[in-house]
Amino acid sequence: MSENHRTASTASEAPGTEHDSGTQGVSITLEGITKRYDSGKPPAVDGLNMEIPAGSIVMFCGPSGCGKTTTLKMINRLIEPSSGRVLIDGEDVTDLDADRLRRRLGYVIQAGGLFPHMTVAKNIGLVPRMLGWDASRIRARVDELLELVSLDPATYRDRFPRELSGGQQQRVGVARALAADPPVLLMDEPFGAVDPITRQRLQDELIAIHSELKKTIVCVTHDFDEAVKLGDWIVIFREGGILAQYDSPERILAQPANSFVEDFMGAGAGLKQLSLSRLDDVELTEPVRVRAGAPAAEAVETMRAAGEDYVVVVDDQDRPVDWLIASQLERLETLPTQVNEDLPVVYNRASLNDALDSMLVTTTSSAIVVGKRRQMLGLVTVDTIMDVISGLNGRAHDTAAEAPLGQNEPEEFEIPEDDGRTGRNTDEAIAAKQREDSTADTGDAGDDTAAGDPAGGAIADDTAGNTTGDTAAGEPDDRPAGAHRADGDRP
Amino acid sequence: MWEYFTQRSDQILFASWQHFSLVGQSLLLATLIAVVIAVLSYRSSAMSAAANSVSAIGLTIPSFALVGLLIAPVGFGVIPAVIVVTFYAALPILRNALVGLSGIPDDVVESARGIGMSRMRTLLTVELPMAWPVILAGVRVSGQMVMGIATIAAYSLGPGLGAFIFSGLDRLGGANSLESVVIGVVGVIILAFILDLLLVAVGRLTIPRGIRV
Amino acid sequence: MSTLTAGQRRDIRDLLVQAGLIVVAFGVLIWWLLTTDLTDVESSTLAPGAVWSLTLEHLLLTVVSAVIVLAVAIPLGILLTRPALRRAAGPVMAVANIGQAAPAVGIIVLFGFWLGFGLQAAIAALVVYALLPVLRNTMVGLTQVDRQLIEAGRGMGMSAAAVLFRVELPLAVPVMLSGIRTALVLLVGTATLATFVNGGGLGLLITTGVTLDLTRVLIAGAILVALLALVVDWTGRVVELAVRPKGLA
């Protein structure tokens, strides 16, 4: 769904609102990536093939020790793969100078990993300086990025990390990773060290930044809810870097590939679907807007005229300042200009789950939805959310987009302890490949998989079903192109 | 060298024992003094700041200078040696005792008081045992340091292995002068090692298992 | 942004107290020397020119050995914390610790026997003696740098050398400096013993005082050495405060 949604929103966005200066995301392809620490022990990641489509957010998810972080770090070669290749935008980077490679890939870690002895500006300007930018260009870039992550440059530029809150440090960490405008952002448990409220806000901001910049984002998390909320695609790993499932959040929720994925998702998968619907997808209520600092009497009139019993005070850039009910309004002379920090404000890219959370925290029955640069778009009410919940069931089956490829291809060609839990395995890949080759023959592919390997059954059925739908409808295959070594190796 | 050692083994062992006993007794005295001072001052931030400064400044004063200073009022012999060794031994212990005592969480002390323990009893049965590992670490640092300082105290004719070094120096170039110095140096290193082992053993025996690292 | 933290304010107050203490003690010493009747030998030994040249000798011993110590211990400390050599750190530290337990006076005399009496023997012994604190603090300072920060640096494309010079060393500076100060104070104190191998320095006043039974020379020498150590310590603290990277609490 979110893939759909994202495509739709890209198309519908007016050309003027785009910041086109930036480098957009590129695809990443992992080919037979293996990491073996001890020759005696099983590898941490085993023959992983994976495509990460350009411009999408892919979440690496799984229990600790599942190889998700190892896989991430093999992309920027903080961990050198024992074998296999990494392609970025089709270019083999396995033999590039690692330092030069990393300057092209943004990297964000937990708590930002800011250098405590450097100011915010110095931290953000590090990579540009290494790339030889001149001072004025760096300064301009730092300010631009601070704006992007909602920190006022004048206030924060010269601060040291310890003078920032956890959330602010994390924002600076993101800004630093974006400094040289890399096409790819790698994030390792970026929001693990902040409180839940801040985390939600940072997640919303990341989604907003992504929709503005269209970077390819690969993000490791152990939190399945976070994966559902942020991901266009989710990769669920199990021990040994084995891919348990690689699919859209909707399909993973609706049709977990195996019992491992089911267990990992945990209870309440139904309600988790609420995390899938973004506020963008629902109709917002337009409240009565009044300007901050204006006379209260005027506001009362406007409110009465509209037949409402409350108003939302906004500043001259339409950013919410406060909201007031009739009785409060009547006691005032002028409308407040000081921003009320306790307002239930959610970003338009936030999920309905977040909106519901905000309402519960502030005990209100609606929340203010804001878009880019905190501009108010409207209100979402609890009734709207209830409607969505009742309409949710069965939505996953409407999903049209096709999942990108991902599979393990163990070096020693032993099928990873096949207890009916493996995700897409080699047979399934053949099936996928065959679909690619002849779209008409999908039924065949499904049979093939089901017969060859019971493990792949769940997914194979699912994908076969979906693919049939897709191809029948004549949709173009939007899967990113990428070399696939598996083909050549197959007998 | 070996010949020198066997011929004078009685003398060497006696000097070693004297050295060890000087350090051991001074260390005991220093621990007592340092802990008492720490107990008296750790509740007041001004007093602990002062005690910390004394410890820091005291450690900068060269031991040879203090030996020299003490010769004037108290003369030569055992007394200046004991004073110097105890003085230096007390400084690291004092610092650690302050750290240990002030590092105890307030709620632990409060709950001890809450169940009706007196101030004194809390100190003896809760605070000091909890601070003891840190204090003992200070004692170990002191032990290593004053082993060497006790050698310098021999300049004021104090007891111990330092005498071998100074007598070797006096008979520079003479028979066995090098042997004498080597015996002094190696002897002190061995004693320092033994003392450290003993203090580790003391720690094993006296640190409650619940707070052992 | 120049507001001081409580800790910095306390540091500055301590520095002022220490400076005051040094000045007062020095004043009392001068006043005492001026008002006491000194014998001819005493006043010639304690003539300002003679004492000044002994002080310079003492500082020379201290500074030369300190420079050698820094030149050896800091690179060694860096090497021993690099992944390739980290294994060697344990044994090296064990040897260094044993060296530290050796009595300073014994080491100086042994070096005197070996290299002949004079400046070189004194400096060689001082270097051996002061190596450990600098080496240990360099290693501690470098290893306590958060691994996450090093990885963040590497992750954004800094080379290993760039991470060392721009992240690890700046963050290790406070710990390293305190090791260097410890070493300097140790050197000033131990340089007093250089007189036993004719290495010069203020220790001469103490030994002369004892040998010739000149109590006032003995006392003056001892106080001067103590004051010199306090001055060096004070200078070290000022430097530590001044060059401490901003942004560290």
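Residues numbered from 1 in each chain as written. Chains lettered and ligands numbered in written order. Predicted model: local features only at pLDDT ≥ 70, side-chain atom pairs only at ≥ 80, totals over all residues.

## A word on the overall build of chain C
Per the secondary structure count, chain C includes 10 helices and zero strands. Put simply, chain C runs from its N terminus to its C terminus through helices and strands in the order α-α-α-α-α-α-α-α-α-α. Principal axes of the C-alpha set define a box for chain C whose edges measure 70 × 50 × 25 Å. The burial tally for chain C puts 46% of its 249 residues in the buried class. The long-range share in chain C, meaning contacts at least 24 apart out of those at least 6 apart in sequence, stands at 76%. (Helix = DSSP H or I, 4+ residues; strand = E, 2+ residues; numbered from the N terminus. Buried ≥ 20, exposed ≤ 12 C-beta atoms within 10 Å, placed from the backbone. Contact = placed C-beta atoms within 7 Å.)

## A short note on the overall build of chain B
In terms of regular secondary structure, chain B is built from nine helices and zero strands. Along its sequence from the N terminus, chain B presents helices and strands in the succession α-α-α-α-α-α-α-α-α. C-alpha atoms of chain B, sized along the principal axes, occupy 70 × 40 × 20 Å.

## As for the packing of helix H7 (residues 119–153) of chain B against helix H9 (residues 177–206) of chain B
Two quantities define a packed helix pair, namely the angle between the axes and the distance from one axis to the other. Residues and elements named next belong to chain B. Packing of H7 against H9 brings their axes to within 10 Å, and their N-to-C directions diverge by 165 degrees. On the basis of their axis angle, the class for H7 and H9 is roughly antiparallel. As H7 runs across H9, the sense of the crossing is right-handed. Contact with H7, carried on its side by Trp-132, Leu-136, Val-139, Arg-140, Gly-143, Gln-144, Met-147, Gly-148 and Thr-151, involves Gly-184, Val-188, Leu-191, Ala-192, Leu-195, Asp-196, Leu-199, Val-202, Gly-203 and Thr-206 of H9 and no other residues of that element. Here the contact of H7 with H9 is composed, by residue class, of 10 nonpolar, seven polar and two charged. (Axes fitted to C-alpha atoms, helices over the stretch in contact; angles between N-to-C directions. Parallel < 35°, antiparallel > 145°, perpendicular 65-115°, else oblique. Left-handed = near helix turned anticlockwise from the far one by under 90°. Nonpolar A, V, L, I, M, F, W, Y, C, P; charged D, E, K, R; others polar.)

## Things to note about the UniProt feature "domain: ABC transmembrane type-1" (unreviewed entry) in chain B
Taking the numbering used here, the UniProt-annotated feature "domain: ABC transmembrane type-1" (unreviewed entry) corresponds to residues 16–199 of chain B. Across residues 16–199 of chain B, the secondary structure splits into 84% helix and 0% strand, with the terminal C-alpha atoms separated by 18 Å. (UniProt positions renumbered as here; feature names shortened; annotations may be inferred.)

## A word on the pairing of strand E4 (residues 83–88) of chain A
Residues in a regular strand point their side chains to alternate faces of the sheet. Residue and element names in this part refer to chain A. Burial of the side chains of E4 is restricted to one face: Gly-84, Val-86 and Ile-88 are buried, whereas none of Ser-83, Arg-85 and Leu-87 on the reverse face is. Alignment of strand E1 (residues 28–35) against E4, held across five bridges, turns out to be antiparallel. Opposite Glu-31, over in E4, you have Arg-85 as the bridge partner. Summarising the sheet, E4 and strand E5 (residues 91–92) pair through two bridges and their orientation is antiparallel. In the strand pairing of E5, Leu-87 is matched with Asp-92. (Pairing = 2+ DSSP bridges.)

## Looking at the packing of H9 of chain B against helix H5 (residues 104–115) of chain C
Taken N-terminus to C-terminus, the directions of H9 of chain B and H5 of chain C make an angle of 145 degrees; their axes are 10 Å apart at the nearest point. As for the relative orientation of H9 of chain B and H5 of chain C, their crossing is left-handed in sense. Contacts between H9 of chain B and H5 of chain C involve Leu-178, Val-181, Gly-184, Val-185 and Val-188 of chain B from the former and Gly-106, Ile-107, Val-109, Leu-110 and Phe-113 of chain C from the latter. The residue makeup of the contact of H9 of chain B with H5 of chain C, split by class, is eight nonpolar, two polar and no charged.

## Regarding the UniProt feature "transmembrane region" (unreviewed entry) in chain B
Residues and elements named next belong to chain B. Under the UniProt annotation, "transmembrane region" (unreviewed entry) lies at residues 20–42, 54–72, 78–101, 145–169 and 181–207. Split by type, residues 20–42 is 96% helix and 0% strand. Its first and last C-alpha atoms lie 31 Å apart. End C-alpha atoms of residues 78–101 are separated by 33 Å, and the span's content is 100% helix alongside 0% strand.

## Looking at the interface of chain B and chain C
At the junction of the two partners, chain B supplies 27 residues and chain C supplies 32 residues. Elements with a contribution of two residues or more to the side of chain B that touches chain C: helix H3 (45–60), helix H4 (63–74), H7, helix H8 (162–170) and H9 of chain B.

## Overview of the interface of chain A and chain C
Counting residues at the interface gives 21 residues for chain A and 19 residues for chain C. Broken down by class, the residue content of the side of chain A that touches chain C amounts to 11 nonpolar, four polar and six charged.

## Focus: the nonpolar core
The biggest cluster of nonpolar side chains holds 249 residues, and the ones touching the most others in it are Val-235 of chain A, Val-85 of chain B together with Ile-108 of chain C. Per-element tally for this core: the top contributor is helix H6 (residues 119–143) of chain C, with 16 residues. (Core = buried A, V, L, I, M, F, W, Y, C linked by C-beta atoms within 7 Å.)

## Here's the deal with the sheet that holds strand E14 (residues 345–347) of chain A
All names here are of chain A. The strand order across the open sheet built from three strands is E14-E15-E16, with neighbouring strands paired in mixed fashion. The sheet is open, and its two borders are formed by E14 and strand E16 (376–381), each paired with just one other strand. Taking the axes of each pair of neighbouring strands and ignoring which way they run, one obtains an average angle of 35 degrees across the sheet. Helix-sheet contacts for helix H15 (residues 352–362) involve E14, strand E15 (366–370) and E16, and the interaxial angle to E15 is about 130 degrees.

## Some points on the environment of Leu-248 of chain C
Looking at where Leu-248 of chain C falls in the secondary structure, it is placed in the segment after helix H10 (215–243). Taking the C-alpha atoms as reference points, Leu-248 of chain C and Leu-79 of chain C, 169 residues apart in sequence, are found 25 Å from one another. Among residues more than four places away in sequence, those in contact with Leu-248 of chain C are Pro-116 and His-117 of chain A together with Pro-174 of chain C.

## Examining the sheet that holds strand E11 (residues 289–291) of chain A
All names here are of chain A. The three strands are arranged E11-E12-E13 in an open sheet whose pairing can be described as mixed. The open sheet has two edge strands, E11 and strand E13 (320–325), and neither has a second partner. Each strand of the sheet is rotated relative to its neighbour by a mean of 30 degrees, with strand direction disregarded. Inspection of the sheet shows strand E12 (residues 310–314) paired to E13 by five bridges, in the antiparallel sense.

## Regarding the UniProt feature "transmembrane region" (unreviewed entry) in chain C
All names here are of chain C. What UniProt calls "transmembrane region" (unreviewed entry) maps, in this numbering, to residues 12–34, 59–80, 92–111, 117–135, 183–205 and 217–236. End C-alpha atoms of residues 117–135 are separated by 27 Å, and the span's content is 89% helix alongside 0% strand. For residues 217–236, helix accounts for 100% and strand for 0%, while the C-alpha atoms at its two ends are 28 Å apart.

## Brief notes about the UniProt feature "domain: ABC transmembrane type-1" (unreviewed entry) in chain C
Mapped onto the present numbering, the UniProt feature "domain: ABC transmembrane type-1" (unreviewed entry) falls at residues 55–236 of chain C. The span residues 55–236 of chain C shows a helical share of 82% and a strand share of 0%, and its end C-alpha atoms are spaced 18 Å apart.

## Details of unusual backbone geometry
At Asp-181 of chain A, a position not held by glycine, the phi torsion is positive, near 55 degrees. You can see Asp-181 of chain A is positioned in the loop between helix H7 (166–178) and strand E7 (184–188). Owing to 17 C-beta atoms within 10 Å, Asp-181 of chain A belongs among the partly exposed residues under this scheme. Despite not being glycine, Asn-198 of chain C shows a phi value in the positive range, around 60 degrees. Structurally, Asn-198 of chain C can be placed in the loop between helix H8 (160–191) and helix H9 (203–211).

## Digging into the confidence of the model for chain B
In the predicted model, chain B carries a mean pLDDT of 87, and the fraction of residues at 70 or more is 99%. Element-level mean pLDDT values for chain B span from 77 in helix H1 (residues 2–7) of chain B up to 93 in helix H2 (residues 9–41) of chain B. (pLDDT = per-residue confidence, 0-100.)

## Digging into the environment of Val-74 of chain B
Residue and element names in this part refer to chain B. Along the chain, the position of Val-74 falls in helix H4. Residue classification places Val-74 among the partly exposed positions, given that 14 C-beta atoms sit within 10 Å. Discounting chain neighbours no more than four positions away, the residues touching Val-74 are Ile-79 and Pro-80.

## Some details on H3 of chain B
In a regular helix each residue adds 1.5 Å, so 16 residues correspond to 22 Å; H3 of chain B covers 23 Å between its end C-alpha atoms and thus fits that length. Of the residues making up H3 of chain B, those classed as buried are Ser-48, Ala-51, Ser-55, Ile-57 and Thr-60 of chain B. Where H3 of chain B is buried, its residues touch H2 and helix H5 (78–102) of chain B together with H8 and H10 of chain C. (Expected span 1.5 Å × (residues − 1).)

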